[in-house]
Amino acid sequence: MSDDSTRCGNAAYSAIQISPDDPLRARIAEAVQSVRTTTPLAQSFTNFVTINLVANAQLASGGTAAMSFLPDDIVDTAQIAGATYINVGTLLPFYKDALADIAERLGRLGKPWVLDPVAAGIGTTRTAILQSFRDHPPTVVRGNASEIIALADMWGLNDNVGGAYPSSRPAGVESVDDVDSATGAAMRLARHLSSHAGKAAVAVSGEVDLVTDGEHVYRLPGSSAMMTKITGAGCSLGGVTATYLAVADPLTAAIAASLLYNRAGESAEAASRGPGSFQVEFLDALWNTTAEQIAASPMSMA
Ligand SMILES: Nc1ncnc2c1ncn2[C@@H]1O[C@H](COP(=O)(O)OP(=O)(O)O)[C@@H](O)[C@H]1O
Ligand SMILES: Cc1ncsc1CCOP(=O)(O)O
Ligand SMILES: [Mg+2]
């Protein structure tokens with residue numbers, strides 16, 4: 001059963017393929033179906049660049065979208081939404097106090113939320129906001145490898161053995177690290193989230209996505225390199241993760257969203273001629289990919 005070897009932090013682990021009858025696959029199919037039949041609301045506080053794609057991806061996945069920026073709007077909408085999504089890609093000065101307050105209130109209300117720490121490591125305002133989330137953390141963190149490493153670093157969770165992680169790590173909005181190098185940081189982040197909020201998950205996107213609950217590490221291959229040629233692939237994946245979080249536990253939600261994106265990316269690549277038609281085809285593929293196709297995806301666990 002052990003057919004693969006991988007590294008989690010400094011330790012080597014054996015990866016096993018998830019079998020066709022693993023209960024996780026049934027939970028994934030159920031989450032996908034549940035979103036399509038109940039159209040849950042996930043609200044988003046997200047960046048100005050990709051806000052439209054986030055809303056359209058949530059709708060194409062079967063959910064409902066609402067974009068909010070004012071703190072009172074966000075807290076009121078959180079009461080009626082299944083989950084909230086916060087993305088720090090573009091910021092204004094007043095967000096510094098507002099987002100810290102919102103995170104605290106979401107925690108007090110017990111409302112699940114997803115964080116995309118876009119460009120973690122860049123700018124004192126973004127760093128202050130992300131640091132404020134340490135004691136009022138989200139249910140799910142979704143980011144690229146550099147963002148996950150930078151967030152774990154600013155929360156003091158990286159071991160820094162051999163100086164592996166500089167104290168401030170500018171990553172931009174694109175990753176400069178590969179997914180495997182973020183495995184240890186993702187696991188430590190997931191354990192930190194769990195210690196505050198119970199069940200939690202961390203998702204690291206890239207050529208092969210990684211999702212962990214702090215105990216197990218799932219690897220989800222596939223998709224298309226064209227995903228990196230449209231803006232908002234990662235941001236909208238965060239939004240769709242919030243859509244699934246409205247109906248499922250954090251690990252199932254994060255895996256289901258990544259798998260949907262991987263299958264839809266493959267369909268879109270086959271049907272498109274460049275970035276413009278890729279984005280259009282990708283939205284159609286989010287809509288048309290079946291729960292069975294998503295749940296049957298290749299997956300390994302270490
Ligand atoms: N080289 C790649 N090959 C295939 N899929 C990719 C590749 N890079 C990213 N993706 C996919 O694109 C989506 C966004 O991931 P990513 O580009 O890492 O996020 P971000 O835009 O936040 O940096 C994910 O679904 C991921 O699986
Ligand atoms: C280009 C850009 N600049 C600030 S936020 C943003 C969008 C990043 O989107 P993604 O991380 O999904 O590529
Ligand atoms: Mg991103």
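Residues numbered from 1 in each chain as written. Chains lettered and ligands numbered in written order. Predicted model: local features only at pLDDT ≥ 70, side-chain atom pairs only at ≥ 80, totals over all residues. Heavy atoms only, no water.

With an unreviewed UniProt entry as reference, the chain is termed Hydroxyethylthiazole kinase, source organism Bifidobacterium lemurum. Quoted verbatim from the Function (unreviewed entry) field of the UniProt record, the comment on the chain reads "Catalyzes the phosphorylation of the hydroxyl group of 4-methyl-5-beta-hydroxyethylthiazole (THZ)." UniProt, in the comment section headed Catalytic activity (unreviewed entry), describes the chain in these words: "5-(2-hydroxyethyl)-4-methylthiazole + ATP = 4-methyl-5-(2-phosphooxyethyl)-thiazole + ADP + H(+)". (UniProt positions renumbered as here; feature names shortened; annotations may be inferred.)

Enquirer: Which residues make up the packing of helix H3 (residues 71-80) against helix H4 (residues 95-109), and what values do they have?
Expert: Each pair of packed helices can be described by the angle between their axes along with the distance between the axes. Running from N to C, H3 and H4 point in directions that differ by 20°, and their axes come no closer than 10 Å. Here H3 lies roughly parallel to H4, going by the angle between them. Judged by the twist between their axes, the crossing of H3 over H4 is right-handed. Taking contact as the criterion, the partners of Pro-71, Ile-74, Val-75, Ala-78 and Gln-79 in H3 are, on H4, Ala-98, Ile-102, Arg-105, Leu-106 and Leu-109. (Axes fitted to C-alpha atoms, helices over the stretch in contact; angles between N-to-C directions. Helix = DSSP H or I, 4+ residues; strand = E, 2+ residues; numbered from the N terminus. Parallel < 35°, antiparallel > 145°, perpendicular 65-115°, else oblique. Left-handed = near helix turned anticlockwise from the far one by under 90°. Contact = heavy atoms within 4.5 Å.)

Enquirer: Would you mind going over the site of ligand 1 in detail, with residue names and values included?
Expert: Ligand 1 sits among 18 residues. The nearest are Arg-142, Asn-144, Ser-205, Asp-209 and Met-227. One of the side-chain nitrogen or oxygen atoms of Arg-142 is found 2.9 Å away from an oxygen atom of ligand 1. One nitrogen or oxygen atom from the main chain of Gly-206 is found 3.2 Å from an oxygen atom belonging to ligand 1. Elements with a minimum of two residues in the shell around ligand 1: strand S7 (140-144), helix H8 (233-245) and helix H9 (250-271). No other element matches H8, which puts 3 residues into the shell around ligand 1. (Near = heavy atom within 4 Å. Polar contact = N/O pair within 3.5 Å; in protein donor to acceptor, adjacent residues only side chain to side chain.)

Enquirer: Could you give an account of the UniProt feature "binding site: substrate" (unreviewed entry) in the chain, with specific residues and numbers?
Expert: Per the UniProt annotation, the sites labelled "binding site: substrate" (unreviewed entry) are Met-67 and Gly-232. Assignment of secondary structure puts Met-67 in strand S4 (residues 64-67). If we ignore the near neighbours within four places in the chain, the residues touching Met-67 are Ser-44, Thr-46, Ile-51, Val-54, Ala-55 and Gln-58. Residue placement: Gly-232 occurs in the loop between strand S10 (217-221) and H8. Once you skip the residues sitting within four places of it in the chain, Gly-232 turns out to touch Thr-50 and Leu-53.

Enquirer: Can you break down the nonpolar core residue by residue, with the values?
Expert: In this structure, Ile-28, Tyr-244, Ile-255 and Leu-286 are the most contacted members of the largest nonpolar core, which totals 53 residues. Ignoring anything within four residues of it in the chain, the contact list for Tyr-244 reads Ala-31, Val-32, Val-35, Ala-253, Ala-256, Ala-257 and Leu-260. One finds Ala-103, Leu-130, Met-154 and Met-187 within the second-largest nonpolar core, a separate group that totals 39 residues. (Core = buried A, V, L, I, M, F, W, Y, C linked by side-chain atoms within 4.5 Å. Buried < 20%, exposed > 50% of the residue type's maximum accessible area, 1.4 Å probe, protein only.)

Enquirer: If you had to explain the pattern of salt bridges to someone new, which residues and values would you point to?
Expert: Close approach of charged atoms allows side chains with opposite charge to pair. Per the stated rule, a full pass over the model turns up 6 salt bridges. Here Asp-116 ties to Arg-142 by a salt bridge, and the two come within 3.0 Å at their closest N and O atoms. One end of the pair, Asp-116, is in strand S6 (residues 113-116); the other, Arg-142, is in strand S7, and 26 residues separate them in sequence. Taking the relative accessible area as the measure of exposure, Asp-116 reaches 1% and is therefore buried. (Salt bridge = Lys/Arg side-chain N within 4 Å of Asp/Glu carboxyl O.)

Enquirer: Tell me about the site of ligand 2, and please be specific about residues and values.
Expert: Every residue close to ligand 2 is listed here: Asn-47, Val-49, Thr-50, Gly-89, Thr-90, Val-173, Thr-231, Gly-232, Ala-233, Gly-234 and Cys-235. Cys-235 is positioned with one of its backbone polar atoms (N or O) 2.8 Å from an oxygen atom of ligand 2. When isolated, ligand 2 has an accessible area of 370 Å², and the protein chains bury 78% of it. Of the residues belonging to the shell around ligand 2, the class tally is 4 nonpolar, 7 polar and no charged. (Areas by Shrake-Rupley, 256 points an atom, 1.4 Å probe, with all protein chains shown as cover. Nonpolar A, V, L, I, M, F, W, Y, C, P; charged D, E, K, R; others polar.)

Enquirer: Just give me the short version of unusual backbone geometry, but keep the residues and values in it.
Expert: Positioned with a positive phi, Ala-119 is a non-glycine residue whose angle comes to about 60°. Looking at where Ala-119 falls in the secondary structure, it is placed in the loop between S6 and helix H5 (124-132). What makes Ala-119 buried here is its relative accessible area of 5%. You will see that Ser-223, though not glycine, has its phi angle at about 80°, which is positive. Relative to the assigned elements, Ser-223 resides in the loop between S10 and H8. Judged by relative accessible area, which is 22%, Ser-223 ranks as partly exposed.

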